[in-house]
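Summary of the model geometry
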Amino acid sequence: MSGFEIGLLALGGMGLLVIGGMFVPIALILCSFLGVWAIKGSPVLAAKMLGLAANDAIASYFFGVVPLFVLMGFLVSESGIGRDAFDVANALFAAVTGISIASAAVFTKIAVPEMRRHGYTERFAVGVVAGSSVLGMLIPPSLLLILFGLLAEQSIGDLFVAGIGPGIVLALLFGVGTVLMAVFAPGFVGAPERAATQALGSAALLAKGLPITGLIVLVLGGIYAGFFTPVEAGAIGAIGALMLGLFKRRLTVAALWRVLIDTGLVTASVCFLIIAAQMYSRMLAFSGVPLSFGQMAASAELGILGLIAVYVLVVIALGMILDSASIMLILVPLMLPIVAPMGVDLVWFGIVTVIAVEIGLLTPPFGVSVYVIKSTLDDDSVSLTDIFVGAAPFALMMLLCLILVILFPPIATGLL
């Protein structure tokens, strides 16, 4: 049996294991080990190779961005700064947490009850939460952009900059789309109370918005101005979030302990995912599957746009059954050796990947963000169908944004 055939069997076996309920990183590691063993004919050699892959995967200094940005996100959430930001703009909280599913869970608790109390329909309320949670993945600092940068060995700062243009475009599409829905489909949106929009004065809004806005400017401004690296920016952001929480007197000793525990758990999970992805990537390299797929793509004469279109469809399809990180761990190591020789800008490719992944989180039948919202809401009066219907307009707007970014790459790369 050739290495290519073994690689295909490993890919198929991994897919079956994941569908069967096995955790993605465990499936990746198991299939990588068995694949290398079959290719090289030695379990000892396979174990040593995977051991080296595990060491190389997280030995880099740049992996420090993971715990630092995760710590910043949890400090923001625990200190209530994100709750204040909701009164100003949903996207701000999603930008700071950097995790769409976490944002969906938090805003389901914060935003949905408030929107329903002020007269918005249930479907519209959950749709806004679903859309705003995935919007945060384009607005840096995004954990998905960090993960892609580590997998593709691209500058995380460049990825953050590249996410600004598409993030603004998507925010504008969401804003315009929401207004159009309110005008042409008032029954879908509801009849919000006018007094609700006047509940907070300008001074109160400014006071609530300044801390989190200042934190974002501090972190991103420092990176773009060259004052510090993304790792140092994460540290500065975590310190800033800690100081804000202490200043507001919302961070108790118990809360800080919860933050540290949660940060450690998330960091360990992310590092485990990255180790599994590195093992999987090396197994693919040994098997020759990416090279063979690249030759097939070249011989099929799909062109870059055709290849990207097929890739996007696969990503969106996987988004219906897997979480964002898992999709990237499976597909990015497979695609990089194919698109890189074609001269594809990998920073642009990362933005396309993130948008496509997030669309999949909102689409039926198994959109992960939708199920997170449903479980967090814990309200029998709001069905899964209601959430999918509410999220549908926002998924379509995301698809339009993705098409624009694919057809006009400068939207993402123009600031680089």
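See the structure above.
Residues numbered from 1 in each chain as written. Predicted model: local features only at pLDDT ≥ 70, side-chain atom pairs only at ≥ 80, totals over all residues. Heavy atoms only, no water.

Take the packing of aromatic side chains next. Taken as a whole and assessed by the stated rule, the structure comprises six aromatic pairs. With centroids separated by 6.2 Å and ring planes inclined at 55°, the aromatic side chains of phenylalanine 148 and phenylalanine 349 adopt a geometry described as tilted. Of this pair, phenylalanine 148 sits in helix H9 (residues 143–152) while phenylalanine 349 sits in helix H19 (residues 346–360), placing them 201 residues apart in sequence. Here phenylalanine 148 falls in the buried class, since its relative accessible area comes to 0%. (Phe/Tyr/Trp six-rings, centres within 6.5 Å; stacked < 30°, edge-to-face > 60°. Helix = DSSP H or I, 4+ residues; strand = E, 2+ residues; numbered from the N terminus. Buried < 20%, exposed > 50% of the residue type's maximum accessible area, 1.4 Å probe, protein only.)

Quick look at the nonpolar core now. The biggest cluster of nonpolar side chains holds 123 residues, and the ones touching the most others in it are Met14, Tyr280, Trp348 and Phe349. The residues touching phenylalanine 349, leaving out its near neighbours within four places in the chain, are Phe148, Ile308, Tyr311, Met335, Leu336, Val339 and Val344. (Core = buried A, V, L, I, M, F, W, Y, C linked by side-chain atoms within 4.5 Å. Contact = heavy atoms within 4.5 Å.)

This next bit is on the pattern of salt bridges. As enumerated under the stated definition, the model contains one salt bridge in all. Arginine 123 is paired through a salt bridge with aspartate 386; the nearest N and O atoms lie 2.7 Å apart. Separated by 263 residues along the polypeptide, arginine 123 in helix H8 (residues 122–135) and aspartate 386 in helix H21 (residues 384–407) bring together distant segments of the chain. Here arginine 123 falls in the partly exposed class, since its relative accessible area comes to 33%. (Salt bridge = Lys/Arg side-chain N within 4 Å of Asp/Glu carboxyl O.)

Our next topic: a nonpolar patch on the surface. Residues Leu305, Leu396, Leu399, Ile403, Leu407 and Phe408 make up a contiguous nonpolar surface patch of about 580 Å² in total accessible area. It is H21 that provides the largest number of residues to the nonpolar patch, a total of four residues. Locating phenylalanine 408 in the fold gives a position in the loop between H21 and helix H22 (410–413). Using a relative accessible area of 47% as the deciding quantity, one classes phenylalanine 408 as partly exposed. (Patch = residues over 30% accessible without salt bridge, like charges linked within 9 Å, V, L, I, M, F, W, Y side chains within 5 Å. Areas by Shrake-Rupley, 256 points an atom, 1.4 Å probe, with all protein chains shown as cover.)

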